[in-house]
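What the coordinates show
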Amino acid sequence: MTVPVVDPDLVELAASVFADATDDNLWDTLEQTGLARLAVAEDAGGSGGSLLDLAAVLVEAGAAAAWAPLAETDLACRLAATAGLEVPAGPLTFALDAPLSVDRDTVSGTLARVPWGRSAAAVVALGGGSVVVLDPATATVVEGTNVAEEPRDTLTWSSAAATVAAAPDGAAAGPPSSPSGRRCRGRCCWPARPAAP
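Residues numbered from 1 in each chain as written. Predicted model: local features only at pLDDT ≥ 70, side-chain atom pairs only at ≥ 80, totals over all residues. Heavy atoms only, no water.

Section: the overall build of the protein
Across its full length, the protein holds four helices and eight strands. When contacts within the protein are restricted to residue pairs at least 6 apart in sequence, long-range pairs at least 24 apart make up 59% of them. In the form shown here, the protein has an accessible surface area of approximately 11100 Å², with 53% of it arising from carbon and sulfur atoms. (Helix = DSSP H or I, 4+ residues; strand = E, 2+ residues; numbered from the N terminus. Contact = heavy atoms within 4.5 Å. Areas by Shrake-Rupley, 256 points an atom, 1.4 Å probe, with all protein chains shown as cover.)

Spelled out as structure tokens, the structure:
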């Protein structure tokens, strides 16, 4: 069995980018170096790297406390690509199990706590059997943050134009269930550990 290894040149490039870039030019530098959409297939506008490559770059981003939606952009691109949808250049974000009302190419609804919602070029949402690409500029935005003070915004659309496609097989299953049958939604839903005898 071959153990996958990350190219040390990639790690060195990422460390250099995060050490040298400023908040004003970080995203442009990430796009120019191919780090912005690293684990996205080349035919979908990415660099064709692996998730292991992305994880190595995310470690460097975390070490530098970089302020950029790298993971969110990769996940949004990958989701859109599986549905055959194109996304704009720039930072992206995503929402899963999205409570949106889709009528052909018009979407209404509210997405809460969207990572980087206010600054994303697009939101790629999965919900109701559809993958939807939405423009945050057409939403009403209520800004929020997480404990790291990264943007976590509530976005509301009312009859907004969107690009819509059927969700790929297996993608619209919703959140996983716990052993007790309860659905998990970002919090631990496993039953409590039995008391010691």
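After that view of the structure, there is still more to cover.
A short note on the packing of helix 1 (residues 8-20) against helix 3 (residues 51-63)
Across the interface, helix 1 lies against helix 3 with an axial gap of 9 Å and an inter-helix angle of 30°. The interaxial crossing formed by helix 1 with helix 3 has right-handed handedness. Contact with helix 1, carried on its side by Leu-10, Val-11, Ala-14, Ala-15 and Phe-18, involves Asp-53, Ala-56, Val-57, Glu-60 and Ala-61 of helix 3 and no other residues of that element. Of the residues that constitute the contact of helix 1 with helix 3, the class distribution is eight nonpolar, no polar and two charged. (Axes fitted to C-alpha atoms, helices over the stretch in contact; angles between N-to-C directions. Left-handed = near helix turned anticlockwise from the far one by under 90°. Nonpolar A, V, L, I, M, F, W, Y, C, P; charged D, E, K, R; others polar.)

Quick word on the sheet that holds strand 2 (residues 100-103)
Within a sheet, adjacent strands bond to each other through the backbone by hydrogen bonds, running parallel or antiparallel. An order of 2-3-7-6 is seen for the four strands of this open sheet, with the pairing classed as antiparallel. In this open sheet, the two edge strands, each paired with only one partner strand, are strand 2 and strand 6 (140-142). Across this sheet, the average inter-strand angle for adjacent strands is 15°, counted without regard to direction. Pairing analysis gives four bridges linking strand 2 to strand 3 (residues 106-115), with the strands arranged antiparallel. (Pairing = 2+ DSSP bridges.)

With respect to the sheet that holds strand 4 (residues 122-127)
One open sheet holds the four strands; their spatial order is 1-4-5-8, and the pairing between them is mixed. Only two strands of the sheet have a single partner each, and these edge strands are strand 1 (92-95) and strand 8 (163-166). The sheet shows a mean angle of 15° between the axes of neighbouring strands, direction not considered. Relative to strand 4, strand 1 runs parallel, the two being bridged by four bridges. Paired with Thr-93 across the two strands is Val-123, which belongs to strand 4. Sheet strands in contact with helix 4 (residues 70-82) are strand 1, strand 4 and strand 5 (130-134), and its direction is about 65° off that of strand 1.

Observations regarding the pairing of strand 5
The element strand 5 is largely enclosed, with a buried count of five among its five residues. Along strand 5, one buried face is formed by Ser-130, Val-132 and Leu-134 and the opposite face, lined by Val-131 and Val-133, is buried too. Bridge count between strand 4 and strand 5: five bridges; the pairing is antiparallel. Bridge assignment links Leu-126 to a residue of strand 5, and that residue is Val-131. (Buried < 20%, exposed > 50% of the residue type's maximum accessible area, 1.4 Å probe, protein only.)

Concerning helix 4
Spanning 13 residues, helix 4 covers 19 Å between terminal C-alpha atoms, matching the ideal 18 Å at 1.5 Å per step. Taken together, the buried positions of helix 4 are occupied by Leu-70, Glu-72, Thr-73, Asp-74, Ala-76, Cys-77, Leu-79 and Ala-80. Immediately downstream of helix 4, the backbone of Gly-84 shows phi near 75°, a positive value. (Expected span 1.5 Å × (residues − 1).)

So, the side chain of Asp-53
Its place among the elements puts Asp-53 in helix 3. Among buried Asp, Glu, Lys and Arg side chains, Asp-53 stands out as unpaired, with Arg-78 the closest opposite charge at 9.6 Å. (Lys, Arg positive; Asp, Glu negative; His and termini not counted. Salt bridge = Lys/Arg side-chain N within 4 Å of Asp/Glu carboxyl O.)

Thoughts on the packing of helix 1 against helix 2 (residues 26-33)
Describing two packed helices takes the angle between their axes plus the distance from one axis to the other. Viewed as axis vectors pointing N to C, helix 1 and helix 2 meet at an angle of 160°, and their least axial separation amounts to 10 Å. Relative to helix 2, the element helix 1 is oriented roughly antiparallel. Considering the relative orientation of helix 1 and helix 2, their crossing is right-handed. Packed against helix 1, whose contacting residues are Leu-13, Val-17 and Phe-18, the element helix 2 presents Leu-26, Thr-29, Leu-30 and Thr-33 at the interface. (Parallel < 35°, antiparallel > 145°, perpendicular 65-115°, else oblique.)

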